[in-house]
Amino acid sequence: MSKKTNIAILGSTGSIGTQALEVISQNPDIFQVEILTANTNADLLIKQAIKYSPNTVVIIDELKYEYVKNTLFDHDIKVYTGKDALNYVVSFSTIDTVLSAIVGFAGLESTIAAIKTGKRIALANKESLVVAGKIITDLSKQYNAPIIPVDSEHSAIFQCLVGEDTSSVKNIYLTASGGPFRHKSLSELNNVTLSDALNHPKWNMGNKITIDSATLMNKGLEAIEAKYLFNLKPEQIEIVVHPESIIHSMVKFNDGSVKAQIGNPDMRVPIKYAFTFPYRIGTEFNNFDIFAHSSLHFEKPDLEKFPALNIALNVMKTGGNATCVLNAANEIAVNAFLNNKIKFTQISTLVEEALTRVDFIKEPTLNNLFETDKTTREISLKIIKEKL
Ligand code: NDP
């Protein structure tokens, strides 16, 4: 790579965003930060801006705009605010790669705006593929904007597929750690607390994905993400619980061979790969030691104990706007659980109920999906008020 890669980080104050900045810090001769964005965390955004000197920062929360602007007054950094600013700044011609690392449906519009500028998309925001997978993959082809997955499982599959004829793929194995409640009984799950659920055994992530990992909804969202990213049929996607989280996912080919991508559970590795693909660059992060992993385990997921995964796998087969309903209801449910409004086991109850209440659209347009998201959120809040 001759010139530096200029990177826009949407969601720089989050778990993925901050790890991306660590990757950039370790390779200052290769990467340059162009854009940093946050929702409300102005203090961290300012700190990052002073350290990395980006061209521009965006603080979505308009109430924090003056504070960010005034604090960065002496720095040569442009400051924007409001949701629309994201769609504007991703179009800057100085950007090579956009890391889409906003959490939830909120990341959809900026991901699409970035794709339409034909830049490389390092995609962490899985929800945008869950909600609008077909639209996004079609746009990526139309605008010649390659999507390189950041999610570790999808990065693993992407890496296994390099140099392969995709028509020879028989199926993929998406691995799951099993989350913090793998050993709990169905009845024990009724009484788990928020702090139990936030205590993930292998990964340190943002709150939303951590709860999704505890319900196994995350694996369902990832199955839908994989379906669209790799153009797979639902029956080609198998979920494997692999508690060591060393094999990040596998691909089985039609000659019976299985390729796996293996490494420490460290998101900085797939983030860096998404920035440098097709090249690899050296790492200063902990190197993998095969002798530290003398036994690896694999089990089928317990769909009765983790109904959210079952619901998501069924929704993957249904397609249409059902994946958008799934995502919106899940975001409302997780938020309610994070605010101690519902119990852990009620997350899947709420999602299941919302799916029965929103009209199905087989081939939704983007506008249909924005409407579906809005309606589902309203319905989900109503269900919480009335029933839970
Ligand atoms: P975090 O909650 O840690 O960070 C989210 C980021 O998005 C923050 O910068 C936050 O800003 C910003 N944000 C939140 N809401 C909005 C909004 N409405 N508009 C604009 N920006 C917003 O999430 P993670 O980093 O954990 O996850 C980000 C994405 O990456 C998710 O889609 C997740 O599924 C995916 N992912 C994450 C992994 C991980 O290890 N964390 C692994 C694989 C995928 P602020 O700080 O101001 O709130």
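Residues numbered from 1 in each chain as written. Predicted model: local features only at pLDDT ≥ 70, side-chain atom pairs only at ≥ 80, totals over all residues. Heavy atoms only, no water.

1. Regarding the layout of surface pockets
When its volume is computed, the second largest pocket comes out at roughly 980 Å³. Thr137, Tyr228, Leu229, Phe230 and Asn231 are, among the 37 residues lining the second largest pocket, the residues nearest its centre. Looking at the lining of the second largest pocket, the elements with two or more residues in it are α6 (126–142), β7 (147–149), α7 (152–161) and α11 (217–229). Considering each element in turn, the lining of the second largest pocket owes the most residues, ten residues, to α6. (1 Å grid on protein atoms, 1.4 Å probe; cavity = no way out; pocket = protein on both sides within 12 Å on 5 of 7 lines; lining within 4 Å. Points joined across faces, edges and corners; volume = space filled by probe spheres on them. Helix = DSSP H or I, 4+ residues; strand = E, 2+ residues; numbered from the N terminus.)

2. Quick word on the environment of Val57
If you trace the backbone, Val57 turns up in strand β3 (residues 56–59). Remark: the alpha-carbon pair of Val57 and Tyr80, spanning 23 residues in sequence, is separated by 6.4 Å. The contact partners of Val57, leaving out residues within four places of it in the chain, are Leu36, Leu45, Ala49, Val68, Leu72, Ile77, Lys78, Val79 and Tyr80. (Contact = heavy atoms within 4.5 Å.)

3. A few points about the site of the ligand
In the region of the ligand, 24 residues are neighbours, and Thr13, Thr40, Asn41, Glu127 and Asp151 sit closest. Within the side chain of Thr13, a nitrogen or oxygen atom sits 2.7 Å from an oxygen atom of the ligand. Between the ligand and Ser15, the relevant distance is 2.9 Å, taken from an oxygen atom to a main-chain nitrogen or oxygen of the residue. Protein coverage of the free-state accessible area of the ligand, which is 890 Å², stands at 86%. For the shell around the ligand, the secondary-structure elements that each account for two or more residues are α1 (15–26) and α6. Residue composition of the shell around the ligand, by class: eleven nonpolar, ten polar and three charged. (Near = heavy atom within 4 Å. Polar contact = N/O pair within 3.5 Å; in protein donor to acceptor, adjacent residues only side chain to side chain. Areas by Shrake-Rupley, 256 points an atom, 1.4 Å probe, with all protein chains shown as cover. Nonpolar A, V, L, I, M, F, W, Y, C, P; charged D, E, K, R; others polar.)

4. As for the nonpolar core
With 124 residues, the main nonpolar core has Val57, Leu99, Val150, Ile172, Phe275, Leu326 and Phe344 as its most contacted residues. Among the elements that line this core, the one with the most residues is helix α14 (residues 322–338), at ten residues. When sequence neighbours within four positions are dropped, the list of residues in contact with Ile172 reads Ile157, Ala226, Leu232, Gln236, Ile237, Glu238, Met250 and Val251. (Core = buried A, V, L, I, M, F, W, Y, C linked by side-chain atoms within 4.5 Å. Buried < 20%, exposed > 50% of the residue type's maximum accessible area, 1.4 Å probe, protein only.)

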